[in-house]
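Descriptive analysis of the structure
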Amino acid sequence: MRKESTVRKWAPNAVILVLSLLLVACSSNKAGTTQASSGSYSGSVYTVKRGDTLSRISRMTGTSVGQLARLNGIPAPYTLEIGQKIRVKSSSGSSSSSKKTAVAKTSKPRSSSTSSVAKVAAPPVGSKCWLWPTSGKVIAPFSDSDGGNKGIDIAGKRGQPVYASAAGTVVYVGNQLRGYGNLVMIKHNEEYITAYAHNETTLVNTSQKVSAGQKIATMGSSGSDSVNLHFQIRYRANAIDPQRYLPPPGSKPSC
């Protein structure tokens, strides 16, 4: 009872912290991941195309989201219109012909707030065992750049199982975070939390204990235009590259 009470006391604070981090640091909205048109820019002007977001434009042009918003007077939540001309910061090579057109994964809406969580050194590989949360091709890898994808996106079929990557306690189940759809978050210990987004259905409840490999949801497209799982591993609140810590696809961890 004491341990359960501790988890219940911790969970609301964890949800507030981690959801704030996801809003600020994550940019992995699957809307238009495989279907959106590519935007283009020439010189210091970018033309908005279907599926574009400010974070996506940021990655393609090398100008931060904050700078783009200030340069163009775009308030949060950074709504764009097709055909809109976006000024970008001049940078070396930004107007070269090789960059006049680009295809990139679209981004989740970003918060206008900033994260106060200090960056920490990533843990060594093998320090904790992780299982693949589902099977499928990684269609969008992790990126630690400003506005980058703070997890990986795994394509699959609607309804296929989503598994807990490690044992832990469910600290959030819901769809209140716009752009993530049906989201499950699991706390594994005082250092690690995983997140599983865009589920079709969720099969666990908040405060429920789960084992490694337990089915917690089914894959879907909630909050996304394509069926996929967005998966994050956070170490001391900082996003780390899941593919660096997961075993080779189709195999079990050796640790």
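Here's what I pulled together on the structure shown here. Owing to the predicted nature of the structure, the values given are computational and were not obtained by experimental measurement.

**Concerning the pairing of strand 12 (residues 228-235)**
Of all 8 residues that make up strand 12, 8 are buried, and the element is covered over most of its length. Because side chains alternate across strand 12, one face comprises the buried residues Asn 228, His 230, Gln 232 and Arg 234, and the other comprises Leu 229, Phe 231, Ile 233 and Tyr 235, equally buried. Relative to strand 12, strand 5 (residues 152-155) runs antiparallel, the two sharing 4 bridges. Bridge pairing in strand 12 places Ile 154 opposite Leu 229. Bridging between strand 9 (residues 192-202) and strand 12 involves 6 bridges; their strand directions are antiparallel. Paired with Tyr 196 across the bridge in strand 12 is Phe 231. Across 3 bridges, the pairing between strand 12 and strand 13 (residues 238-240) is antiparallel. Residue pairing for strand 13: Ile 233 is matched across the bridge by Ile 240. Linking strand 12 to strand 13, which pair antiparallel, is a turn of 2 residues; within it Arg 236 sits at a positive phi near 50°.

**Here we look at the pairing of strand 5**
Sheet analysis places strand 4 (residues 138-140) next to strand 5, joined by 2 bridges and oriented antiparallel. Following the sheet pairing, Ala 140 is matched in strand 5 by Asp 153.

**Description of the environment of Lys 150**
Here Lys 150 lies in the loop between strand 4 and strand 5. For the pair formed by Lys 150 and Gln 232, sequence separation is 82 residues and the distance between their alpha carbons is 6.7 Å. Within the local environment of Lys 150, its side chain forms a polar contact with the backbone oxygen of Ser 143, the two atoms lying 3.2 Å apart.

**Section: the pattern of salt bridges**
Inspection of the entire model under this criterion finds 4 salt bridges. Glu 200 is the salt-bridge partner of Arg 158, the closest N and O atoms lying 2.9 Å from each other. Of this pair, Arg 158 sits in the loop between strand 5 and strand 6 (161-163) while Glu 200 sits in strand 9; the two residues are 42 residues apart in sequence, bridging distant segments of the chain. For Arg 158, a relative accessible area of 48% translates into the label partly exposed.

What counts and how
- Residues numbered from 1 in each chain as written.
- Predicted model: local features only at pLDDT ≥ 70, side-chain atom pairs only at ≥ 80, totals over all residues.
- Heavy atoms only, no water.
- Buried < 20%, exposed > 50% of the residue type's maximum accessible area, 1.4 Å probe, protein only.
- Helix = DSSP H or I, 4+ residues; strand = E, 2+ residues; numbered from the N terminus.
- Pairing = 2+ DSSP bridges.
- Polar contact = N/O pair within 3.5 Å; in protein donor to acceptor, adjacent residues only side chain to side chain.
- Salt bridge = Lys/Arg side-chain N within 4 Å of Asp/Glu carboxyl O.

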